[in-house]
Structure formats: C-alpha cells, structure tokens
Amino acid sequence: MLAKTFLLRHLFVPRCFSSVTSKTLKVGDILRETRVFSSEDVKAYAEVSHDWNPLHFDSESARKAGFENPLVHGMLVSSMFPRIISAHFPRAVYVSQTLHFRSPVYIGDEILGLVQATALRETKNKYIVKFSTKCFKNHNELVVLDGEATAILPNLEMLQPNPSE
C-alpha cells in the first residue's frame, strides 16, 4: 500500500501547478483540485439532470445493488475535469471527454481530480490540448474515475484559480 501511494504521488504527479500564479502549460503538467460532494450537491445535480435514480438517494436501494451507501452521480464527479481546466484557462472550450467509472463515490468522500496535459498542438492562434483525467479517493489510493479530455485553449498561460470559487 505504501509503495502504491508513493508511486501515485511521485511518478504520476511530476509537475503540479495548482498553487503557482502563472506558468506556461507543457506536456506532463498536472492541474489538481480536491472536492467533497455533499447530499446538497447530489440533490442539485438531480434537479438539473432529472436523474432521480434511487441509488443516489435511498440507502436500501444502494445496499441491494451492492453499494455501502447512496452514490454520488458519476457525471457529477466527472464535472471536476472541466472545472479544473477552466479555472486555469478562462475561455477554454471543452471538446470531448471519455470516462471509465472504476469505483463508487459516496457523499462525504474527499475526491482528488487530476488533469495532466499529454499532447499540445497549435492551430489558428489557439491550442488543442489532450489531457489524461483521473479522480482518486482516500488520498490518492483508489482510482474512481479516469479517461481523456480534449480542450481548445486560447493560450498556454496558466492562471491561479480564485480560492473562493
């Protein structure tokens, strides 16, 4: 377990600029954010999405389906990725996202979202950037969600997100 945590923290996260005021994005750079989803978040997401699946609200339904507690919507968890990108690159346009749901997320779990630049291409004074996307819970030990995203960025200068956002 200790080796797994060491590898995740030291091999997967070579450069993280979540606390730097401004840097130019390069392949390998990682942006991160943590979040704890609340029951209010789940309810608000259900209001907007109309996804009232009992697995998200009813403990008995969740247990009968093999889960410990009601689940946070997977798409709500995945919303961390565009948030992370747009916080560092205002006016970014999210183009695509693939997702693989690996493990359940429950209300109150602390989730770490990581977005790593894997490819950059300049086109017409903008940049098309591919990102590896991953969410972990339990302090980097368990992958709950992973995939790949593509975004069009107006430039490669990373901004420090406002902590109050």
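Residues numbered from 1 in each chain as written. Predicted model: local features only at pLDDT ≥ 70, side-chain atom pairs only at ≥ 80, totals over all residues. Heavy atoms only, no water.

**Topic: the overall build of the protein**
For the protein, the helix and strand inventory stands at five helices and eight strands. Ordered by position from N to C terminus, the α and β elements of the protein give α-β-β-β-α-α-α-α-β-β-β-β-β. Of all 165 residues assigned to the protein, the portion counted as buried reaches 36%. Expressed as a percentage of contacts within the protein between residues at least 6 apart in sequence, the contacts between residues at least 24 apart total 69%. Just so you have it, the protein exposes about 9,200 Å², and 54% of that area is on carbon and sulfur atoms. (Helix = DSSP H or I, 4+ residues; strand = E, 2+ residues; numbered from the N terminus. Buried < 20%, exposed > 50% of the residue type's maximum accessible area, 1.4 Å probe, protein only. Contact = heavy atoms within 4.5 Å. Areas by Shrake-Rupley, 256 points an atom, 1.4 Å probe, with all protein chains shown as cover.)

**Overview of the environment of Lys126**
With respect to the helices and strands, the residue Lys126 is situated in strand β6 (residues 126-137). Of the residues examined, Lys126 reaches a relative accessible area of 44% and is grouped as partly exposed. C-alpha of Lys126 to C-alpha of Pro154: the two residues are 28 residues apart in sequence and 5.0 Å apart in space. If we skip the residues at most four places from it in the chain, Lys126 touches Arg121, Ile152, Leu153 and Pro154.

**Quick word on the side chain of His73**
For His73, the position within the fold is in the loop between α3 (59-64) and α4 (74-78). His73 gets classed as buried once you look at its relative accessible area, which sits at 1%. Once residues within four sequence positions are removed from consideration, His73 is found in contact with Val42, Tyr45, Ala46, Asp51, His56 and Phe57.

It is worth stressing that arrangement in space is one thing and function is another; only the former is reported here.
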